[in-house]
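Coordinate inspection notes
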Amino acid sequence: MAGLSGAARTRSGSPGSSAALPALDGAFLRSPLGGLMGAQAVLGLLVWALIADTTYHLHAAYGWVMFVSIFFWIVTVLFFVTYLLQLQLRFYVIPWPLVLMIFNAVATVLYITAFVTCAAAVQPTSWRQWDYNRRAAASFFAGLTMIAYGVSTFFSFRAWKGFGSNAATSQVTDHT
């Protein structure tokens, strides 16, 4: 629990104690994983909001893009809140660095498929359609989101292997 003072440790709680309120982790927001999670949440929101504002229900390919973007947006926001409030410290038996690495790797792979699907479904000859720009922008932001998850996978792997520890991947090692 690097970076926490004694008062913050007792307030955030240790295993076996009854803590009242979780503490906000400002160091997580400044860490690479924290910044990338914030970027993933914003970019993922842009992807599904842009697609939702089109006639996506008329094109089956956009159903997959909507599923991937909404699902990973929700799970990313949940992980972000979990790490921001240091709730992962209460569930010390879960290997959080490994869970986060697997999540980011799966999100990267599925966002690759969503990006390709979204980009392939944008038809350049349909520039007269009112939703062409939204679909093209959604493809662009899906590509950026895919890259953000890929970079997060790299940092999560490094944290899992122990090459660099930060606030997002710190574990409680003293279970007494």
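Residues numbered from 1 in each chain as written. Predicted model: local features only at pLDDT ≥ 70, side-chain atom pairs only at ≥ 80, totals over all residues. Heavy atoms only, no water.

Observations regarding the overall build of the protein
From N to C terminus, the protein includes 6 helices and 0 strands. Taken from N to C terminus, the helices and strands of the protein fall in the order α-α-α-α-α-α. In the protein, buried positions account for 40% of the 176 residues. Across the protein, the fraction of contacts at a sequence separation of at least 24, relative to all contacts at a separation of at least 6, is 78%. If you sum the accessible surface of the protein, you get close to 9,300 Å²; carbon and sulfur atoms cover 71% of it. (Helix = DSSP H or I, 4+ residues; strand = E, 2+ residues; numbered from the N terminus. Buried < 20%, exposed > 50% of the residue type's maximum accessible area, 1.4 Å probe, protein only. Contact = heavy atoms within 4.5 Å. Areas by Shrake-Rupley, 256 points an atom, 1.4 Å probe, with all protein chains shown as cover.)

Looking at the pattern of salt bridges
Throughout the structure, instances matching the rule amount to 1 salt bridge. A salt bridge links Asp53 to Arg134, with the nearest nitrogen and oxygen atoms 2.7 Å apart. One end of the pair, Asp53, is in the loop between helix H3 (32–52) and helix H4 (61–84); the other, Arg134, is in helix H6 (residues 132–161), and 81 residues separate them in sequence. By relative accessible area, which is 27% here, Arg134 ends up partly exposed. (Salt bridge = Lys/Arg side-chain N within 4 Å of Asp/Glu carboxyl O.)

With respect to the packing of H4 against helix H5 (residues 96–121)
With their axes 9 Å apart at the nearest point, H4 and H5 run at an angle of 155 degrees to one another. What the angle tells us is that H4 and H5 run roughly antiparallel. With respect to the hand of their crossing, H4 and H5 are arranged in left-handed fashion. In terms of residue class, the contact of H4 with H5 is built from 20 nonpolar, 5 polar and no charged. (Axes fitted to C-alpha atoms, helices over the stretch in contact; angles between N-to-C directions. Parallel < 35°, antiparallel > 145°, perpendicular 65-115°, else oblique. Left-handed = near helix turned anticlockwise from the far one by under 90°. Nonpolar A, V, L, I, M, F, W, Y, C, P; charged D, E, K, R; others polar.)

Regarding the confidence of the model for the protein
For the protein, per-residue confidence averages 82 on the pLDDT scale, and 78% of positions sit at 70 or higher. Confidence drops under pLDDT 50 across residues 1–14; counting only partners more than four residues distant or on other chains, this segment forms 16 contacts. Long-range and interchain partners of residues 171–176, a stretch whose pLDDT sits below 50, account for 11 contacts in this model, where long-range means more than four residues apart. (pLDDT = per-residue confidence, 0-100.)

Some details on the environment of Ala114
Turning to its location among the elements, Ala114 is positioned in helix H5. With relative accessibility at 1%, the residue Ala114 sits in the buried group. For Ala114 and Gly63, which are 51 residues apart along the polypeptide, the C-alpha to C-alpha distance reads 9.7 Å. For Ala114, the residues in contact, after removing those within four places along its chain, are Trp64, Val65 and Val68.

Thoughts on the UniProt feature "transmembrane region" (unreviewed entry) in the protein
Feature annotation in UniProt places "transmembrane region" (unreviewed entry) on residues 33–51, 63–85, 97–122 and 137–157, given in this structure's numbering. Regarding residues 33–51, the helix share stands at 100% and the strand share at 0%, and the terminal C-alpha atoms are separated by 26 Å. Counting secondary structure, residues 97–122 comes out at 96% helix and 0% strand; the distance between its end C-alpha atoms is 37 Å. (UniProt positions renumbered as here; feature names shortened; annotations may be inferred.)

As for the packing of aromatic side chains
Evaluation of the coordinates by the stated rule reveals 17 aromatic pairs. Centroid distance Phe140 to Phe141: 5.3 Å. Interplanar angle 70 degrees. Geometry classified as edge-to-face. One aromatic cluster is present, formed by Phe28, Trp64, Phe67, Phe71, Phe72, Phe79, Phe80, Tyr83, Trp96, Phe103, Tyr111 and Tyr149 through successive ring pairs. (Phe/Tyr/Trp six-rings, centres within 6.5 Å; stacked < 30°, edge-to-face > 60°.)

Brief notes about the side chain of Thr153
In this fold, Thr153 is placed in helix H6. Every residue in contact with Thr153, bar those within four places of it in the chain, is listed here: Met101, Asn104, Ala105 and Thr108.

Regarding the nonpolar core
Grouped together as the largest cluster of nonpolar side chains are 29 residues, with contacts concentrated most on Phe79 and Tyr111. Broken down by element, the residue count for this core peaks at 10 residues, all from H4. Those residues in contact with Phe79 that sit more than four places away from it in its chain are Met37, Trp96, Val99, Leu100 and Phe103. (Core = buried A, V, L, I, M, F, W, Y, C linked by side-chain atoms within 4.5 Å.)

Comments concerning H4
Structurally, the α-helix is built with 3.6 residues per turn, so residues lying three or four positions apart point the same way. For H4, spanning 24 residues, the distance from its first C-alpha to its last is 35 Å, which sits close to the expected 34 Å at 1.5 Å a residue. In the segment just after H4, Gln86 is the residue with positive phi, at about 60 degrees. (Expected span 1.5 Å × (residues − 1).)

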